[in-house]
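# Descriptive analysis of the structure
What follows is each chain in one-letter form.
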Amino acid sequence: MKVSYHGHSVVKVEANGKTILFDPFITGNGLTDLKADDVKVDVILLTHGHNDHVGDTVDLALKNDALVVAPFELAEYLGWQGVKVHEMHIGGAHEFDFGRVKLTQAFHGSSYTDYETKTIVYTGMPSGILLTIDGKTIFHAGDTALFSDMKMIGELNDIDVAFLPIGDNFTMGPDDAVLAANWLNACTVVPIHFNTFPVIEQNPQEFVSKLPEGVGKVLEVGEVIDL
């Protein structure tokens, strides 16, 4: 299984002949190495409805006949646009042909903004995502504040890689993310959701330095972890 980071909160998982993308914000993402026209994807996993996480989902899903898995209201909204969806909710899990998905809490907002019409569409509760394939578990926290139930997530799941936001302002900052990392007890912790915009500029190496030796890993854009 190959897991790679592609700027902001974009994570790719390649396993068993399937390509899975978390939060494919590509167009308008100045940090990504991906080009939307070149992306091949089988499954898209969405944590919440903000534009910088939904990103290119509709175009990618329609072009690739990809399945989109998302919290219920967001999935319904995307389904109305012709996208093939599977609706879920926090606390629920489902076995797919590519692996097991379970949604966790995330403390944030969730809405999609149409800037042309100046309308905001409510897209339900935000979530984190636990993806388990062949006994390996990846946790994508989405956009979230620190919350104490991360301890429970860590106790109930053997997490191989956790992707945690560190940007502050909209999500946890580095110090809160250090606590989250300790509670989740993942084998590897990768910082995400930083430096895309001036307001979330952070030093990821400094964050990693505060974690136990060998746990934190800053992934360069496009860098791969083999699980």
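Residues numbered from 1 in each chain as written. Predicted model: local features only at pLDDT ≥ 70, side-chain atom pairs only at ≥ 80, totals over all residues. Heavy atoms only, no water.

This part is about helix H3 (residues 72-79). Among the residues of H3, those classed as buried are Leu74, Ala75, Tyr77 and Leu78. Down the axis, H3 shows its buried residues gathered within 160° of arc, on one side only. On the buried face of H3, the contacting elements are helix H1 (51-54), helix H2 (57-64), strand S5 (67-71), strand S6 (84-88), strand S9 (111-114) and strand S10 (119-122). (Buried < 20%, exposed > 50% of the residue type's maximum accessible area, 1.4 Å probe, protein only. Helix = DSSP H or I, 4+ residues; strand = E, 2+ residues; numbered from the N terminus. Arc of directions from axis to C-beta. Contact = heavy atoms within 4.5 Å.)

This part covers the packing of aromatic side chains. Enumeration over the complete set of coordinates arrives at 3 aromatic pairs. Centre to centre, the rings of Phe96 and Phe98 are 4.9 Å apart; their planes meet at 15°, and the pair counts as stacked. The same class applies to Phe96 as to Phe98, namely buried. (Phe/Tyr/Trp six-rings, centres within 6.5 Å; stacked < 30°, edge-to-face > 60°.)

A few words on the environment of Asp158. Along the chain, Asp158 falls in the loop between helix H4 (150-156) and strand S13 (161-165). Accessibility expressed as a relative area gives 69% for Asp158, which makes it exposed. Sequence-wise, Asp158 and Gly216 are 58 residues apart; in three dimensions their C-alpha atoms are separated by 16 Å.

On to the sheet that holds strand S3 (residues 18-22), then. Strand order in this open sheet of 7 strands is S6-S5-S4-S3-S2-S1-S15, and the pairing throughout is mixed. Each edge of the sheet is formed by a strand with only one pairing partner; in this case those strands are S6 and strand S15 (224-226). Neighbour-to-neighbour, the strand axes of this sheet turn through a mean angle of 20°, independent of strand direction. Inspection of the sheet shows S5 paired to S6 by 5 bridges, in the parallel sense. (Pairing = 2+ DSSP bridges. Axes fitted to C-alpha atoms, helices over the stretch in contact; angles between N-to-C directions.)

Let's shift gears to the pattern of salt bridges. The full count for this structure, using the stated rule, is 7 salt bridges. A salt bridge links Lys2 to Asp226; the nearest nitrogen and oxygen atoms lie 2.9 Å apart. With Lys2 in strand S1 (residues 2-5) and Asp226 in strand S15, the pair connects residues that are 224 residues apart, well separated along the chain. Accessibility expressed as a relative area gives 40% for Lys2, which makes it partly exposed. Classification of Asp226 by relative accessible area gives exposed; the value is 56%. Across the pair Asp97 and Lys18 runs a salt bridge whose closest N-O atoms are separated by 3.7 Å. Of this pair, Asp97 sits in the loop between strand S7 (93-95) and strand S8 (100-105) while Lys18 sits in strand S3, and the two are 79 residues apart along the sequence. Taking the relative accessible area as the measure of exposure, Asp97 reaches 67% and is therefore exposed. Residue class for Lys18 comes out partly exposed when judged on its relative accessible area of 27%. (Salt bridge = Lys/Arg side-chain N within 4 Å of Asp/Glu carboxyl O.)

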